[in-house]
Amino acid sequence: MNAHTPSDRAPILAVHNISKQFGGIRAVNNVSFEVRKGEILGLIGPNGSGKSTLFNCILGQLKPTTGHCEINGKSTDGVRPADLSLMGVGRTFQQLSVFPKMTVLDNVILAGQEHEGTMLSRLFGKPDAGLTGKAEQLIEFFRLTPYRDTEAGSLSYGQQKLVDAAMAFMAGPGIVLLDEPAGGVNLTMLANLKERLQTYNREHGTTFVVIEHNMEFVMSLCTRIIVLAQGEIIAEGSPEEIRSNQMVIDAYLGG
Ligand SMILES: Nc1ncnc2c1ncn2[C@@H]1O[C@H](COP(=O)(O)OP(=O)(O)OP(=O)(O)O)[C@@H](O)[C@H]1O
Ligand SMILES: [Mg+2]
């Protein structure tokens, strides 16, 4: 078994009828789903199908046109993105969010301070806030210890993606949403990232929702997959079910 057995309790994340309209574009159209504790849920779909927009609606970066979300049964309405970490939510962005001129250690510490004030107060406030030990543990977990004191910007792209991942775990979240963690990452780093995420899931019971285009990565990492096309869920199931679903093959996987 790669993952914790999902429990029967309230879903850790419930998404209710989320829609997001940008002018004439309906980027996300009435999407609802639930995620159970311990699941590794994959979210796949063609470019522009609304995956990142859906994440940003769930995470408060965007206000959905309709719908709402709950974390452990609590509504996230009006919760600021930075405060979601207090509700046990971590995330990575599709674009790297490391500060290139800061060391790996300082980047990870800074991520842990996210809920403690504004970006400016984080940059110019107290440098550690007691987070060094925790940051070092995560750096070691993601096998970045040799780069602890290296400027993040001088690492390879794949290593920076690992720093990004480590940053998402600083608040000790129950659920982490990762937007294309494997995008542009070489095969060795990819295998490393997948194995680390699976180990974290197994050891801590942490739930993941992962957007990714790399099918080998998604199919071997995820316990369940949701497929979006043109802002709507067109399929949901196990990796095996998704691989053989004709609608998914037509919309995304290709002949
Ligand atoms: N801020 C925005 N303003 C206007 N349109 C937007 C905005 N963000 C996204 N869109 C549009 O919404 C649709 C969904 O985009 P989104 O980025 O969510 O897709 P995606 O599934 O994440 O794609 P990719 O796999 O390429 O990352 C696209 O048509 C996109 O052009
Ligand atoms: Mg995207």
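Residues numbered from 1 in each chain as written. Chains lettered and ligands numbered in written order. Predicted model: local features only at pLDDT ≥ 70, side-chain atom pairs only at ≥ 80, totals over all residues. Heavy atoms only, no water.

Novice: What exactly am I supposed to notice about the overall build of the chain here?
Specialist: Within the chain one finds nine helices and ten strands. A total of 255 residues make up the chain; the buried ones form 51% of that total. Total accessible area on the chain is roughly 11,700 Å²; 52% of this is exposed by carbon and sulfur atoms. (Helix = DSSP H or I, 4+ residues; strand = E, 2+ residues; numbered from the N terminus. Buried < 20%, exposed > 50% of the residue type's maximum accessible area, 1.4 Å probe, protein only. Areas by Shrake-Rupley, 256 points an atom, 1.4 Å probe, with all protein chains shown as cover.)

Novice: What am I meant to see in the coordination of the magnesium ion (ligand 2) here?
Specialist: When a metal holds four donors in a tetrahedron, each ideal angle between them is 109.5 degrees; when it holds six in an octahedron, the ideal angles are 90 or 180 degrees. Distances from the magnesium ion (ligand 2) to its protein donors, S52 (OG) and Q94 (OE1), fall within 2.0 to 2.2 Å. Here the residue S52 occupies a position in helix α1 (residues 51-58), and Q94 occupies one in the loop between β6 (89-92) and α2 (104-112), the gap between them amounting to 42 residues. When its relative accessible area of 33% is taken as the criterion, Q94 is described as partly exposed. (Donors = N, O, S within 2.8 Å, 3.2 Å for Na, K, Ca; no water.)

Novice: How do you make sense of the sheet that holds strand β2 (residues 25-35) when you look at a structure like this?
Specialist: In a beta sheet, neighbouring strands are held together by backbone hydrogen bonds and run either parallel or antiparallel to one another. Ordered in space as β2-β1-β4-β5, the four strands form an open sheet in which the pairing is antiparallel. Two strands close off the open sheet at either side, each with one partner strand: β2 and β5 (74-75). Examined bridge by bridge, strand β1 (residues 13-22) and β2 share seven bridges and lie antiparallel to one another. Following the sheet pairing, A14 is matched in β2 by E34. (Pairing = 2+ DSSP bridges.)

Novice: Looking at this structure, how should I read the packing of aromatic side chains?
Specialist: When we look at a pair of aromatic rings, we describe it by the centre distance and by the angle of the planes. Scanning the entire structure with this criterion turns up five aromatic pairs. With a centroid separation of 5.7 Å and an interplanar angle of 40°, the aromatic rings of F142 and F169 are classed as tilted. Within this pair, whereas F142 is found in the loop between α4 (132-141) and α5 (157-168), its partner F169 is found in the loop between α5 and β7 (175-179), the two being separated by 27 residues in sequence. A relative accessible area of 1% places F169 in the buried class. An angle of 80° between the planes, with centres 5.8 Å apart, marks the rings of F169 and F208 as edge-to-face. Taken together, the residues span a long stretch of sequence, with F169 in the loop between α5 and β7 and F208 in strand β8 (residues 207-211) at a distance of 39 residues. (Phe/Tyr/Trp six-rings, centres within 6.5 Å; stacked < 30°, edge-to-face > 60°.)

Novice: Which parts of the structure should I look at to understand the pattern of salt bridges?
Specialist: If the charged atoms of two oppositely charged side chains come close together, the side chains can form a pair. Scanning the entire structure with this criterion turns up nine salt bridges. E39 is the partner of R224 in a salt bridge, and the nearest nitrogen-oxygen pair spans 2.6 Å. One end of the pair, R224, is in strand β9 (residues 224-229); the other, E39, is in the loop between β2 and β3 (40-44), and 185 residues separate them in sequence. Each member of the pair, R224 as well as E39, carries the same accessibility label: buried. Linking E151 and K101 is a salt bridge whose minimum nitrogen-to-oxygen distance equals 3.9 Å. (Salt bridge = Lys/Arg side-chain N within 4 Å of Asp/Glu carboxyl O.)

Novice: I keep staring at the sheet that holds β6 and nothing clicks. Help me out?
Specialist: Pairing in this open sheet of six strands is mixed, and the strands run β6-β7-β8-β3-β9-β10 from one edge to the other. The sheet terminates laterally at β6 and β10 (232-237), the two strands that pair on one side only. Averaged over all adjacent pairs, the angle separating strand axes in this sheet is 15°, with direction ignored. For β7 and β8, the ladder comprises five bridges, and the chain directions are parallel. Across the sheet, the residue bridging to I175 is T207, located in β8. Along the sheet, α5 makes contact with β6 and β7, crossing β6 at roughly 165°. (Axes fitted to C-alpha atoms, helices over the stretch in contact; angles between N-to-C directions. Contact = heavy atoms within 4.5 Å.)

Novice: Quick question: what am I supposed to make of the nonpolar core here?
Specialist: Generally speaking, nonpolar side chains in soluble globular proteins are found buried as a group. Formed by 48 residues in total, the largest nonpolar core has its most connected members in F142, F169 and F208. Apart from the residues lying within four places of it in its own chain, the contact partners of F208 are E39, I40, L41, F169, V176, L178, L197, Y200 and N201. Counting 26 residues, the second largest nonpolar core, distinct from the first, contains V15, L41, F55 and L177. (Core = buried A, V, L, I, M, F, W, Y, C linked by side-chain atoms within 4.5 Å.)

Novice: Which parts of the structure should I look at to understand the site of ligand 1?
Specialist: Surrounding ligand 1, one finds 13 residues, the nearest of these being G48, K51, T53, Q94 and H213. In the complex, 62% of the free accessible area of ligand 1, which totals 630 Å², lies under the protein chains. Broken down by element, the shell around ligand 1 gets its largest block of residues, three residues, from α1. Residues that form the shell around ligand 1 fall into these classes: three nonpolar, eight polar and two charged. (Near = heavy atom within 4 Å. Nonpolar A, V, L, I, M, F, W, Y, C, P; charged D, E, K, R; others polar.)

Novice: I tried to follow helix α6 (residues 187-204) on my own but got confused; where do I start?
Specialist: Along an α-helix, residues three or four positions apart point the same way, because every turn accommodates 3.6 residues. The end-to-end C-alpha distance of α6 is 26 Å, a good match for the 26 Å that 18 residues give at a rise of 1.5 Å each. Considered for burial, the residues of α6 that qualify are M189, L190, N192, L193, K194, R196, L197, Q198, T199, Y200 and N201. On its buried face, α6 sits against β3, α4, α5, β8 and α7 (215-221). The backbone nitrogen of T188 has a side-chain oxygen 3.1 Å away, supplied by the residue at the start of α6, namely N186. Immediately downstream of α6, the backbone of G205 shows phi near 70°, a positive value. (Expected span 1.5 Å × (residues − 1). Polar contact = N/O pair within 3.5 Å; in protein donor to acceptor, adjacent residues only side chain to side chain.)

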